[in-house]
Protein chains: 2
Amino acid sequence: MTWLDLPADTLFGIDNLPYGVFSTADDPQRRRLGVAIGTWVLDAGAAARAVGSPDPLLEAPSLDPLLAAGRPAWTRVREALTRWLSDPAFRTVVEPCLVPAEGVALHLPFTVGDYVDFYASEHHASNLGRIFRPGSEPLTPNWKHLPIGYHGRSGTVVVSGTPVVRPNGQRKAPTDAAPTFGPSRRLDIEAEVGFVVGAASELGTPVAQEDFAEHVFGVCLVNDWSARDIQAWEYVPLGPFLGKSFATSVSPWIVPLDALPAARVAPPTRDVEPLPYLDDRDAKQPWGLDLAMEVRVNGSLISRPPFAGMYWTAAQQLAHMTVNGASVRPGDLFASGTVSGPDRGTEGALIELTWNGERPVTLDDGTTRSFLDDGDEVTITATAPGRDGGRIGFGEVTGRILPAR
Amino acid sequence: MTWLDLPADTLFGIDNLPYGVFSTADDPQRRRLGVAIGTWVLDAGAAARAVGSPDPLLEAPSLDPLLAAGRPAWTRVREALTRWLSDPAFRTVVEPCLVPAEGVALHLPFTVGDYVDFYASEHHASNLGRIFRPGSEPLTPNWKHLPIGYHGRSGTVVVSGTPVVRPNGQRKAPTDAAPTFGPSRRLDIEAEVGFVVGAASELGTPVAQEDFAEHVFGVCLVNDWSARDIQAWEYVPLGPFLGKSFATSVSPWIVPLDALPAARVAPPTRDVEPLPYLDDRDAKQPWGLDLAMEVRVNGSLISRPPFAGMYWTAAQQLAHMTVNGASVRPGDLFASGTVSGPDRGTEGALIELTWNGERPVTLDDGTTRSFLDDGDEVTITATAPGRDGGRIGFGEVTGRILPAR
């Protein structure tokens with residue numbers, strides 16, 4: 001219990017404590033490490049100083065040093081924050097370090113190392129296979145043997161709220177004789193869950209599934225904006241490139257793995273036997289996570305993607321990503337791939353929700369969308385089971401489409 | 001002319017002056033910015049101090065600040081270095097800042113931002129199409145309309161000399177019922193040329209071909225190690241991933257664009273009309289570059305790839321990479337793709353040289369290779385036309401294969 005007066009159904013309770021980086025209007029250049037609690041942001045560095053335990057990890061203008069410090073430091077810092085916000089003895093000195101959340105600006109909280117995007121929803125991969133490769137098997141033969149992924153552009157990962165300029169590019173419908181150049185006509189979203197690496201691994205040495213929590217710090221929400229017309233023309237044979245690289249938005253709050261014990265669930269049964277490094281059938285608790293996501297366009301709820309059904313877990317993804325000896329480093333971000341469930345209204349991308357534009361979605365104002373219009377604002381939120389029947393919030397990742405330049 | 005006594009055929013003459021980062025055995029932790037000249041490395045920061053013009057850009061332990069400083073700073077620094085090494089008046093104070101090259105350790109000279117690998121040799125793309133997709137058109141329909149590329153793993157870009165551990169991974173021959181796990185049996189090289197971005201661009205704003213030299217600082221050599229068996233099984237539909245991400249080696253010396261005026265040549269005639277942003281037919285001088293490359297395995301020359309024949313130039317690649325609004329930042333690295341010429345013995349990868357293992361290459365010791373053995377050392381070198389009929393050297397990128405762990 002915290003000494004703060006929080007509503008029982010808060011999504012930012014004492015069992016959550018996600019980390020972010022904020023600034024305030026009176027000193028917009030000064031970035032500080034913050035922790036969300038209720039409708040407040042705790043200035044973590046100031047709190048540490050106030051209680052007489054200044055901590056260099058909490059004084060940085062980003063999460064980078066904390067990420068690099070590794071699991072023992074993460075545990076120590078979380079325990080301290082929990083104590084300061086729970087033990088009434090700390091109230092007098094810590095309360096002045098709380099800043100109203102509504103007044104702060106939130107920034108990209110860490111320097112993104114490599115950004116990898118996976119493709120772990122069987123429903124999403126099947127849907128896209130049917131749409132992009134009609135007449136072929138929806139899933140490629142490798143799909144159930146390994147978590148398919150690719151590297152995205154880390155330099156264009158932006159924080160929630162950053163406007164997204166509609167990309168220009170080459171588009172060619174199968175019936176066109178040649179490609180044309182211009183603004184994407186099929187601008188889409190991909191609702192995903194991102195995993196933020198903290199502790200580095202050594203080049204040449206894989207990270208086994210059981211070491212997942214030693215390396216992964218926390219979880220955020222990701223909107224992997226996608227220009228489907230650009231993507232469709234460019235992606236054979238080397239994969240998505242400009243159809244994705246113009247922007248990837250992330251939520252500003254990183255929910256620590258330590259906040260998610262009640263969210264862990266068994267992943268779906270796999271119908272192909274995994275190779276040993278991907279096998280999690282004997283794991284005491286595999287890394288399925290029961291996040292309930294919601295996607296809104298201009299405030300209208302258009303989808304409720306269920307993360308619990310993802311075929312591949314983040315622990316499998318990390319094991320796969322490093323099994324060839326590739327190293328990870330602080331700030332590496334890997335995303336789940338679009339989260340799509342089996343049912344109508346649970347798909348995490350418009351191309352699936354509207355079946356390639358054939359059945360547009362209707363928004364609350366009566367307008368319809370096949371893909372995004374200029375001015376549209378997309379917001380993805382999620383919650384997960386927390387302690388004692390409560391819920392853990394992930395905040396939101398949002399972005400508005402600006403016209404092409 | 002320099003006051004240093006250099007042989008007429010030196011590859012590191014006063015018209016080259018590539019930048020790197022070095023340390024010496026007496027103080028291995030102290031990284032310094034160096035410039036190669038003859039058989040010497042000039043301690044650039046020390047030289048600036050010695051002549052009474054200390055420069056913070058030259059005092060850093062990496063090229064990062066110099067890269068970020070942009071074209072005017074690059075011109076100023078190069079002019080100063082040229083003056084200090086040319087004007088005999090500087091000799092007394094500058095000569096003590098020269099360190100014998102043979103005694104220094106060379107490091108990864110900059111922090112790699114995003115790493116993009118292109119696919120710009122028509123011969124290479126055609127050869128791989130024939131090998132990976134027999135029975136289909138060798139080139140995909142998009143190949144002559146856009147420079148195909150994908151993002152690689154920047155966290156595993158390593159400097160020349162770093163050993164490369166043979167990757168483990170999933171391999172499946174078309175005749176196998178299921179994939180097996182183990183060390184790659186088809187470990188290959190890709191001889192490439194890399195372009196190092198200096199000045200950043202703004203998110204949402206493309207970089208036109210004519211602004212290439214405002215953003216690109218210099219050129220290095222790249223060996224994009226490739227595990228063909230892992231790659232073949234994983235790469236449909238999202239592109240290469242673990243088949244590449246275990247290591248990418250770069251040469252330690254970054255040759256500035258300013259050293260390459262004599263190397264610029266017209267690219268080959270394109271047989272498909274490019275869209276306007278890719279059109280370089282009216283450019284005063286397009287960015288074809290006449291680098292003559294050599295590939296050696298254990299000292300045996302196995303290939304001489306000709307860079308001048310690349311279908312897409314680096315200026316076209318940068319224009320394409322940013323046409324969707326993606327930004328670049330200091331330290332971004334983009335590589336040409338494997339450099340393969342039209343003739344036998346000019347291919348930049350073993351899979352082409354040996355035609356998928358069907359015609360092994362014979363080394364000087366009489367042994368043959370289809371792909372790389374443990375212990376093999378691969379070295380790629382290149383030179384380009386310099387001033388007055390001389391040659392500019394790029395040094396080398398080398399790496400030895402260690403057994404899988």
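Keep in mind that what you see is a predicted model, and the values were worked out from it rather than measured. (Residues numbered from 1 in each chain as written. Chains lettered and ligands numbered in written order. Predicted model: local features only at pLDDT ≥ 70, side-chain atom pairs only at ≥ 80, totals over all residues. Heavy atoms only, no water.)

Participant: It is not clear to me how the UniProt feature "binding site: substrate" (unreviewed entry) in chain A should be interpreted in this structure. Could you clarify?
Facilitator: All names here are of chain A. In the numbering adopted here, UniProt assigns the feature "binding site: substrate" (unreviewed entry) to Tyr119, Arg133, Gln231, Tyr235 and Thr338. By the secondary structure assignment, Tyr119 is in the loop between β6 (115-118) and α6 (122-132). Mapped onto the fold, Gln231 is located in helix α8 (residues 228-234). Leave out the neighbours within four places in its chain, and Gln231 touches Phe132, Ser226, Pro240, Gly243 and Lys244. (UniProt positions renumbered as here; feature names shortened; annotations may be inferred. Helix = DSSP H or I, 4+ residues; strand = E, 2+ residues; numbered from the N terminus. Contact = heavy atoms within 4.5 Å.)

Participant: Looking at this structure, I do not really get the side chain of Ser327 of chain A. What am I missing?
Facilitator: Tracing the backbone through its elements, the reader meets Ser327 of chain A in the loop between α9 (314-322) and β22 (333-335). On the accessibility criterion, Ser327 of chain A (9% relative accessible area) is buried. Excluding residues within four positions of it along the chain, Ser327 of chain A makes contact with Ser201, Glu202, Leu203 and Asp332 of chain A together with Arg153, Gly155 and Thr156 of chain B. (Buried < 20%, exposed > 50% of the residue type's maximum accessible area, 1.4 Å probe, protein only.)

Participant: What am I meant to see in the interface of chain B and chain A here?
Facilitator: Where interface size is quoted, it is often the accessible area lost as the parts come together. Opposite the 57 residues of chain B that make contact, chain A presents 56 residues. Carbon and sulfur atoms make up 61% of the surface buried where chain B meets chain A, a total of about 5200 Å² over both sides. Three residues stand out in chain B for area buried against chain A, namely Arg153, Leu238 and Phe241 of chain B, and they jointly supply 15% of the buried area on that side. Put simply, chain B and chain A have 2 salt bridges between them. The salt bridge involving Arg153 of chain A is made with Asp332 of chain B; its shortest N-O contact spans 3.0 Å. (Buried area = accessible area lost by both parts, 1.4 Å probe. Salt bridge = Lys/Arg side-chain N within 4 Å of Asp/Glu carboxyl O.)

Participant: For this particular structure, what's the right way to read the sheet that holds strand β1 (residues 19-24) of chain A?
Facilitator: In a beta sheet, neighbouring strands are held together by backbone hydrogen bonds and run either parallel or antiparallel to one another. All names here are of chain A. The 5 strands lie next to each other as β4-β3-β2-β1-β5, forming an open sheet whose pairing is antiparallel. Strands with a single pairing partner mark the edges of an open sheet, and in this sheet they are β4 (98-100) and β5 (104-107). Neighbouring strand axes in the sheet, compared pairwise and without regard to direction, differ in orientation by 50° on average. Relative to β1, helix α4 (residues 71-86) is tilted by about 60°, and along the sheet it contacts β1, β2 (27-37) and β3 (40-43). (Pairing = 2+ DSSP bridges. Axes fitted to C-alpha atoms, helices over the stretch in contact; angles between N-to-C directions.)

Participant: Just checking my understanding: could you explain the UniProt feature "binding site: Mg(2+)" (unreviewed entry) in chain A for this structure?
Facilitator: Residue and element names in this part refer to chain A. Using the residue numbers shown here, the UniProt feature "binding site: Mg(2+)" (unreviewed entry) corresponds to Asp224, Lys244 and Thr248. Look at the named residues: they lie 25 residues apart in sequence, but the longest C-alpha span between them is just 7.6 Å, so in the fold they bunch up. By the element assignment, Lys244 lies in the loop between α8 and β16 (248-250). By relative accessible area, which is 8% here, Lys244 ends up buried. Side-chain polar atoms of Lys244 contact the side chain of Glu190, separated by 2.7 Å. (Polar contact = N/O pair within 3.5 Å; in protein donor to acceptor, adjacent residues only side chain to side chain.)

Participant: Help me out: how do you make sense of the nonpolar core in this one?
Facilitator: One finds Phe334 of chain A together with Phe334 of chain B to be the most contacted residues of the largest nonpolar core, which totals 152 residues. In terms of nonpolar packing, the next biggest core, distinct from the first, is built from 45 residues, Ile14, Ile37, Leu67 and Phe90 of chain B among them. (Core = buried A, V, L, I, M, F, W, Y, C linked by side-chain atoms within 4.5 Å.)

Participant: Could you clarify how one ought to interpret the pairing of strand β25 (residues 377-385) of chain B in this entry?
Facilitator: Remark: a regular strand shows side chains that alternate across the two faces of the sheet. Residue and element names in this part refer to chain B. Most of β25 is tucked away, with 7 of its 9 residues classed as buried. Bridge analysis of strand β20 (residues 292-297) against β25 gives 6 bridges, and the strand direction is antiparallel. By the bridge assignment for β25, Arg296 is matched with Thr379. Summarising the sheet, β25 and strand β26 (residues 391-402) pair through 8 bridges and their orientation is antiparallel. When the bridges of β26 are listed, Glu377 appears paired with Arg400. Where β25 folds back on β26, the antiparallel hairpin that results is connected by 5 residues, among which Asp388 adopts a positive phi of roughly 55°.

Participant: For this particular structure, what's the right way to read the relation of the copies chain B and chain A?
Facilitator: Look at the two chain copies: a rotation about an axis and a shift along it is all it takes to match them. Between chain B and chain A, the superposition needs a rotation of 180° and an axial shift of 0.0 Å, giving an RMSD of 0.0 Å. The transformation relating the two chain copies, once decomposed into turn and shift, fits a two-fold axis. If distances are taken from each C-alpha of chain B to the rotation axis, the shortest is found for Gly239 of chain B, at 2.1 Å. A high fraction, 98%, of the interface residues of chain B reappear at the interface in chain A, so the copies pair face to face through one surface. (Least-squares fit on C-alpha atoms with pLDDT ≥ 70 in both.)

Participant: Help me understand the packing of aromatic side chains in this model?
Facilitator: Both the distance between ring centres and the angle between the ring planes are used here to describe each pair of aromatic rings. Applying the stated criterion to the full structure yields 22 aromatic pairs over all chains. Note on Phe181 of chain A and Tyr277 of chain B: the rings are 5.0 Å apart at their centroids and 40° apart in plane angle, and the pair reads as tilted. In this pair, Phe181 of chain A is assigned in strand β11 (residues 180-183) and Tyr277 of chain B in the loop between β18 (264-265) and β19 (288-289), connecting two distinct chains. Each member of the aromatic cluster is reached from another via a ring pair, and the members are Phe118, Phe195, Phe212, Trp287, Phe307 and Phe334 of chain A together with Phe241 of chain B. A cation sits over an aromatic face here: Arg264 of chain B above Trp287 of chain B, 3.5 Å from the ring centre. (Phe/Tyr/Trp six-rings, centres within 6.5 Å; stacked < 30°, edge-to-face > 60°. Lys NZ or Arg CZ within 6 Å of the ring centre and 35° of its normal.)

Participant: Explain the pairing of strand β14 (residues 216-223) of chain B to me, please; I cannot follow it from the model alone.
Facilitator: Residues and elements named next belong to chain B. With 8 of 8 residues buried, β14 is to be regarded as a mostly interior element. As paired elements, strand β13 (residues 191-197) and β14 share 7 bridges and run antiparallel to each other. Looking across to β14, one finds that Val193 is bridged to Leu221. With 2 bridges joining them, β14 and strand β17 (residues 255-256) adopt antiparallel strand pairing. Counterpart to Val219 in the pairing with β17 is Val255. The pairing of β14 with strand β16 (residues 248-250) spans 2 bridges and is classified as antiparallel.

Participant: Would you explain the pattern of salt bridges in this entry?
Facilitator: Opposite charge on two side chains permits them to pair, given that their charged atoms come into close proximity. Scanning the model with the defined rule gives 48 salt bridges over all chains in all. In this structure, Asp43 of chain B engages Arg32 of chain B in a salt bridge whose closest nitrogen and oxygen atoms are separated by 2.8 Å. Of this pair, Asp43 of chain B sits in strand β3 (residues 40-43) while Arg32 of chain B sits in strand β2 (residues 27-37), and the two are 11 residues apart along the sequence. Judged by its relative accessible area of 4%, Asp43 of chain B falls in the buried class. The structure contains a network of salt bridges with shared partners spanning Asp188, Glu190, Asp224, Arg228 and Lys244 of chain A.

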